[in-house]
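# Fold and geometry: a report
What follows is each chain in one-letter form.
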Amino acid sequence: MSRRVLLVSHEWREQAVTAAAQAEAGLRELGIEPIRDLDDDPAHDPELVLVLGGDGTLLRAAELVRGRDVPLIGVNLGHVGFLAEADPDSLGEVVQRIADRDYTVEERMTIDVEVQTPTGEVHTGWAINEATIEKVDRSGVIELALGVDGRGLSSFGCDGIVIATPTGSTAYAFSGGGPVVWPDVEALLVVPIAAHALFARPLVAGPSSVLAVEVLDRNLSGGDVWCDGRRQLPAPVGSHIDVRRGAEPVRLARIEPTPFSGRLVAKFALPVTGWRGGRKDP
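Residues numbered from 1 in each chain as written. Predicted model: local features only at pLDDT ≥ 70, side-chain atom pairs only at ≥ 80, totals over all residues. Heavy atoms only, no water.

## Focus on the overall build of the protein chain
Spelled out, the test is: A run of H or I in DSSP becomes a helix once it reaches four residues, and a run of E becomes a strand once it reaches two; helices and strands are each numbered from the N terminus. Values of the radius of gyration come from C-alpha atoms, whereas the globule rule sets the reference at 2.2 Å times the count of residues to the power 0.38. Burial classes follow relative accessibility: with a 1.4 Å probe on protein chains only, a residue under 20% of its type's maximum area counts as buried, one over 50% as exposed, and anything between as partly exposed. Only heavy atoms matter for contacts: two residues are in contact if any of them lie within 4.5 Å across the pair. Note on areas: Shrake-Rupley with a 1.4 Å probe; residue coverage comes only from the protein chains shown. By the counting rule applied here, Lys and Arg register as positive and Asp and Glu as negative, while His and the ends of each chain are not counted. Note on charges: their place is set at NZ of Lys, CZ of Arg, CG of Asp or CD of Glu.
Of regular secondary structure, the protein chain possesses five helices and 18 strands. Taken over the C-alpha trace, the protein chain has a radius of gyration of 21 Å; the compact-globule value for 282 residues is 19 Å, and the two agree within 12%. Scored against the burial criterion, the 282 residues of the protein chain give a buried share of 47%. Taking contacts inside the protein chain between residues at least 6 apart in sequence as the whole, the part at least 24 apart equals 68%. Just so you have it, the protein chain exposes about 14,000 Å², and 51% of that area is on carbon and sulfur atoms. Charge-centre separation for the protein chain: the mean point of 27 positive side chains lies 5 Å from the mean point of 41 negative side chains.

Here it is, written out as structure tokens:
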């Protein structure tokens, strides 16, 4: 059976169009068929997805191969690109490593989301980064109650609540003041956004916890749940939202052994002048 790699690129960025053409040519030269669409038959699934773009493009690619157990590898053509593995000038090396099967695959935990509305409707979703419960009425706050493992914890008015995975800790949760969590730590993060309350600190719960948010009856308008900022679930007044560890992880291919601390320094341009690794002056 011939080898196949799915190419997913940013739809309108010129750099991505050029990179996709280079990747197609390189894969063909190495005897691999580049494809742009998935076959309905799982037997024809590609061995890998090569993503050319930023984190948003990689999130779109993860959505495309949901349920197919196919790893993704990203070449960053965006801004920060925490999920990407390589920069554009390494594209040739990435293609060669794909051809040589010279990469490792790591699993990133996801979250599953269930919204139960007061009329009995149930809406479900999932995310690799975060689920965000947001207000619909932009002129005021949304009144929410937060619970963990079947027990109420706090209630407050706010702009929203971010529930994130460790992978998503460097995305929206980070911007909201949440902690950076190493991706191999299994945990669920809760970050209230602009909460009008004395106790509305970011929380880190265990991977088996179930986090719940209720859209309180005293709201004049409801909310929306956004999964990775891409998939919307309605959450009208009176809705109950459960978020738990996802049943299906996302698989990311890695070609570099750089630790996460190195990725943080590179992506955020952190100053490390003076670091000596614990060594003493002679």
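Back to the text.
## Structural notes on the sheet that holds strand β14 (residues 211-215)
The condition that has to hold: At least two bridges found by DSSP between two strands are what make those strands a pair. Think of each axis as a best-fit line through the C-alpha atoms, taken over the contacting stretch in the case of a helix, with angles from 0 to 180 degrees between the N-to-C directions.
Sheet architecture is open: six strands sit in the order β7-β6-β17-β14-β9-β10, paired in antiparallel fashion. Each having just a single partner strand, β7 (122-127) and β10 (151-158) make up the two edges of the open sheet. Taking each pair of neighbouring strands and ignoring which way they run, the sheet shows an average axis angle of 20°. As paired elements, strand β9 (residues 142-148) and β10 share seven bridges and run antiparallel to each other. Bridged to V148 within β10 is R151.

## Some words on helix α5 (residues 260-268)
Using the following cut-off: What the arc measures is the spread of directions leading from the helix axis to the C-beta atoms.
Within the span of α5, buried status applies to F260, R263 and L264. Along the long axis of α5, the arc covered by the buried residues comes to 100°, so they all point the same way. Packed against the buried residues of α5 are β18 (250-254).

## A look at the sheet that holds strand β15 (residues 223-227)
Here we have six strands laid out as an open sheet, ordered β13-β12-β11-β8-β15-β16, and antiparallel in their pairing. In the strand order of this sheet, the two ends are held by β13 (203-205) and β16 (231-235), each with one partner. Averaged over all neighbouring strand pairs, the angle between strand axes comes to 20°, with direction disregarded. Sheet topology places strand β8 (residues 130-135) next to strand β11 (residues 160-164); five bridges connect them, and they run antiparallel. Bridged to E134 within β11 is G160.

## With respect to unusual backbone geometry
Note on backbone geometry: most residues besides glycine have negative phi, and most peptide bonds are trans. The backbone of R101 sits at a positive phi, close to 55°, despite the residue not being glycine. If you trace the backbone, R101 turns up in the loop between α3 (91-99) and β5 (104-108). One non-glycine residue with positive phi stands out, namely A269, at about 50°. Mapped onto the elements, A269 comes out in the segment after α5.

## Here's the deal with the pattern of salt bridges
Threshold: Here a salt bridge means any side-chain nitrogen of Lys or Arg lying within 4 Å of a carboxyl oxygen belonging to Asp or Glu.
Here the structure, examined in full by the defined rule, presents 20 salt bridges. Of the charged contacts, one joins E24 and R36 as a salt bridge, the two residues approaching to 3.1 Å between their closest N and O atoms. Here E24 is found in helix α1 (residues 14-29), whereas its partner R36 is found in the loop between β2 (33-35) and β3 (48-53), with 12 residues between them in sequence. Note that E93 and R97 form a salt bridge whose closest N and O atoms lie 3.0 Å from each other. With E93 and R97 both in helix α3 and four residues apart, the pair spans about one turn of that helix. For E93, a relative accessible area of 36% puts it in the partly exposed group.

## Thoughts on the UniProt feature "active site" (unreviewed entry) in the protein chain
Rules: UniProt positions are given in the numbering used here, feature names are shortened, and annotations may be inferred rather than shown by experiment.
Within the UniProt annotation, "active site" (unreviewed entry) is assigned to D55. You can see D55 is positioned in helix α2 (residues 55-64). Filtering out sequence-adjacent residues up to four positions away, D55 remains in contact with G81, F82, L83 and A84.

## Some thoughts on empty space enclosed by the protein
Over the atoms a probe the size of a water molecule is rolled, and this reveals where empty space is left. Basically, it comes down to this: The way it works is a 1 Å grid over only the protein atoms, where trapped points that fit a 1.4 Å probe form a cavity and open points with protein on both sides within 12 Å along at least five of seven lines form a pocket, and then any residue with an atom within 4 Å of a point lines it. Grid points are joined across faces, edges and corners, and a volume is the space filled by probe spheres set on the points. Polar here means any residue outside two lists: the nonpolar Ala, Val, Leu, Ile, Met, Phe, Trp, Tyr, Cys and Pro, and the charged Asp, Glu, Lys and Arg; Gly therefore counts as polar.
Across all of its chains, the model carries one cavity of 30 Å³ or more by this definition. When its volume is computed, the largest cavity comes out at roughly 60 Å³. Together, F82, L83, R108, P166, T167, S169, T170, V181 and F260 line the largest cavity. Each residue belonging to the lining of the largest cavity can be placed in one class, and the counts come to five nonpolar, three polar and one charged.

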